[in-house]
Amino acid sequence: MHLPLTLYGDPLLREKAHPIQTFDAALATLADDMVETMYAEEGVGLAAPQIGLGQRLFVIDMRVVPSEDYTFVLDGRSVPVELVMPMTFVNPVLLLDPEPVVQGEEGCLSIPGLRAEVSRPDRIEVRFQDVRGGEHTLQASGYMAKVIQHEFDHLNGVLFIDYVKGRARKQIERDLAALEAELAGSRATAPESSHP
Ligand code: NI
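Conventions and cut-offs
- Residues numbered from 1 in each chain as written.
- Predicted model: local features only at pLDDT ≥ 70, side-chain atom pairs only at ≥ 80, totals over all residues.
- Heavy atoms only, no water.
- Donors = N, O, S within 2.8 Å, 3.2 Å for Na, K, Ca; no water.
- Helix = DSSP H or I, 4+ residues; strand = E, 2+ residues; numbered from the N terminus.
- Buried < 20%, exposed > 50% of the residue type's maximum accessible area, 1.4 Å probe, protein only.

Student: Got a minute to help me understand the coordination of the nickel ion in this structure?
Tutor: The reference angle at a metal is 109.5 degrees if four donors form a tetrahedron and 90 or 180 degrees if six donors form an octahedron. Here the nickel ion is held by the protein donor atoms C108 (SG), H150 (NE2) and H154 (NE2), which lie 2.1 to 2.3 Å from it. Within one chain, the residues donating to the nickel ion are spaced in sequence as C-x41-H-x3-H. Of this pair, C108 sits in the loop between strand 5 (101–106) and strand 6 (116–121) while H150 sits in helix 3 (residues 143–154), and the two are 42 residues apart along the sequence. The residues C108 and H150 share a single accessibility class, namely buried.

Student: Can you walk me through unusual backbone geometry in this structure?
Tutor: Only a minority of non-glycine residues have a phi that is not negative, and only a minority of peptide bonds are not trans. Each neighbour pair has its own omega, and for M85 with P86 the value is -5°, a cis peptide bond. Tracing the backbone shows P86 in the loop between helix 2 (81–84) and strand 4 (87–96). One non-glycine residue, E42, lies in the positive phi region at around 60°. By the element assignment, E42 lies in the loop between helix 1 (25–40) and strand 1 (45–47). If you check the backbone angles, D75 has positive phi at about 50° while not being a glycine. Structurally, the position occupied by D75 is in the loop between strand 3 (70–74) and helix 2.

This is the structure we're talking about:
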């Protein structure tokens, strides 16, 4: 099921999500729906707060990204990306290598139309559970490390725009104000049925 997205200005995007304790069929269905929504919205990652749920869960699919742009090792093994994607991360714990830090452009399905340069560590390790509760460890670098950090941040109410500093900050604040006004306008005129 293609779920409606939570958009910038919704307070849920700023809340800390709660750990998942029940690994049942409903969780598997939720993960499937999030993957379907991510594909429909043409994203490479989607976190539960972005579909209105304050739960510690996100999904990614790296197959649309050129393979030379990232590396990963899952549970100590090199595995073909086609075998593991889409991937669901439940209750993730993130460890960052402080160096090196790399800059790259980011956007977010919840902040339509805005993009900005963000600096992040290039290498990460993430410990997480799958939808059945199985425990895993993944090391990633490059684009995949960036996507995982971005989605993980959503679980703590952090958005990529929070990292924009210096001269770019003024511009992004103007863009955000314009977007918020536009979204508030569309909410005010939307029919009730669009808010299930
Ligand atoms: Ni995002």
